[in-house]
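Take a look at the letters that make up each chain.
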Amino acid sequence: MSRPDRARVGAYGAAACASAYGAMKLAQALGANALADKDPLPPELRERLLARDPLFVASHWVLATAALVGVAVALATLRLWRAALPRRLLLAIAWTLGILMIARSVGALGHGLVGDALLLTDVRPPPVEHAALARDLARWDLLLWSPFFLLWGTCWTAAGRRLSGQPSTAYDLRHDHSAPPA
């Protein structure tokens, strides 16, 4: 697969991941459990989440809306109509989201592959009062959330790479032969 094709797949992948995440957050905002009980939160926050605390319900609406914006941004990296949007803004968003999601998946932001592996191998023991819950949530994070954020972040960075190698003016974009016609 050529570099432009990988970048195109990255942009579509970022849009698809944003759609899936947004659909889950919308379902949670509307009252569905939709994996809320698998969210790796501290026990006191987890209880508030599952009790549908108004702050968490509002956060689901915000995250669902942000995911919808993410779909639009990901698709904007592919189309000529992105000329209406500042290219540098699209670059900054794609790279920032990609790096943050990859960092989260690896464990740099608290949860992730490294932290989960350390907890599940007892190198970093879980809190005694919530050991079983911590191990269960670490398994879910290791098998679902971390790989999902790694995939999503990789898609964002691929979309960012696509933009990095393209012309920056609207005139040049209309004559960019690597992009499909609008």
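What counts and what doesn't
- Residues numbered from 1 in each chain as written.
- Predicted model: local features only at pLDDT ≥ 70, side-chain atom pairs only at ≥ 80, totals over all residues.
- Heavy atoms only, no water.
- pLDDT = per-residue confidence, 0-100.
- Helix = DSSP H or I, 4+ residues; strand = E, 2+ residues; numbered from the N terminus.
- Contact = heavy atoms within 4.5 Å.
- Buried < 20%, exposed > 50% of the residue type's maximum accessible area, 1.4 Å probe, protein only.
- Phe/Tyr/Trp six-rings, centres within 6.5 Å; stacked < 30°, edge-to-face > 60°.
- Core = buried A, V, L, I, M, F, W, Y, C linked by side-chain atoms within 4.5 Å.
- Polar contact = N/O pair within 3.5 Å; in protein donor to acceptor, adjacent residues only side chain to side chain.
- Salt bridge = Lys/Arg side-chain N within 4 Å of Asp/Glu carboxyl O.

**Student:** Teacher, can you tell me more about the confidence of the model for the chain here?
**Tutor:** Any region with low pLDDT has predicted coordinates that should not be read closely. Per-residue confidence for the chain averages 85 on the pLDDT scale, and 85% of its residues sit at or above 70. Confidence, expressed as mean pLDDT per element, reaches its minimum in the chain at helix α7 (residues 170-174) with 41 and its maximum at helix α3 (residues 54-76) with 94. Segment residues 169-177: pLDDT under 50, and 11 contacts once partners within four positions in sequence are set aside and those in other chains are kept.

**Student:** Whenever I open this one, unusual backbone geometry confuses me. Can you help?
**Tutor:** Most peptide bonds adopt trans geometry, and most residues besides glycine take a negative phi value. In this model, R52 sits at a positive phi of 60°, which is unusual for a non-glycine residue. The exposure class of R52 is partly exposed, given its relative accessible area of 34%. For D122, which is not glycine, the phi dihedral falls at a positive 65°. Structurally, the position occupied by D122 is in the loop between α5 (113-120) and α6 (131-164). D122 sits in the partly exposed class, given a relative accessible area of 43%.

**Student:** What's the story with the packing of aromatic side chains in this structure? I'm lost.
**Tutor:** Remark: the centre distance and the inter-plane angle together describe each pair of aromatic rings, the angle taken between the planes. For the structure shown, the criterion picks out 5 aromatic pairs. Here the aromatic rings of F148 and F149 are separated by 5.7 Å at their centres, their planes lie at 75°, and the arrangement is edge-to-face. Each member of the pair F148 and F149 is classed as buried. Judged by centre distance (5.4 Å) and plane angle (55°), the rings of F148 and W152 are tilted. Of this pair, F148 and W152 are both found in helix α6, 4 residues apart, which corresponds to roughly one turn of the helix. Like F148, the residue W152 is buried in the burial classification. Aromatic ring contacts, followed pair by pair, group Y21, F148, F149 and W152 into a single cluster.

**Student:** How should the side chain of Q28 be read in this particular structure?
**Tutor:** By the secondary structure assignment, Q28 is in helix α1 (residues 3-29). Its relative accessible area of 3% is what places Q28 among the buried residues. In this structure Q28 touches N33, A34, L35, A36, R52 and H60, once residues within four positions along its chain are discounted.

**Student:** Teacher, can you tell me more about the nonpolar core here?
**Tutor:** Most often, soluble globular proteins have nonpolar side chains that are buried together. The biggest cluster of nonpolar side chains holds 21 residues, and the ones touching the most others in it are A14, Y21, F148, F149, W152 and W156. Within the residue set of this core, elements represented by two or more residues are α1, α3, α4 (87-106) and α6. The dominant element in this core, judged by the number of residues it contributes, is α6, at 7 residues. If sequence neighbours within four positions are ignored, F148 has contacts with C17 and Y21.

**Student:** Whenever I open this one, the environment of D53 confuses me. Can you help?
**Tutor:** In this fold, D53 is placed in the loop between α2 (43-50) and α3. The partly exposed category is assigned to D53, whose relative accessible area is 21%. Within the structure, the side chain of D53 is placed 2.8 Å from the backbone nitrogen of L55, a separation counted as a polar contact.

**Student:** Is there a simple way to think about the pattern of salt bridges in this case?
**Tutor:** Pairing of side chains with opposite charge becomes possible as their charged atoms draw close. Applying the stated criterion to the full structure yields 4 salt bridges. Here R48 ties to D53 by a salt bridge, and the two come within 3.3 Å at their closest N and O atoms. The residue R104 makes a salt bridge to D141 at a minimum N-O spacing of 2.6 Å. Of this pair, R104 sits in helix α4 while D141 sits in helix α6, placing them 37 residues apart in sequence. Classification of R104 as buried rests on a relative accessible area of 14%. Overall, D141 belongs to the buried group, its relative accessible area being 0%.

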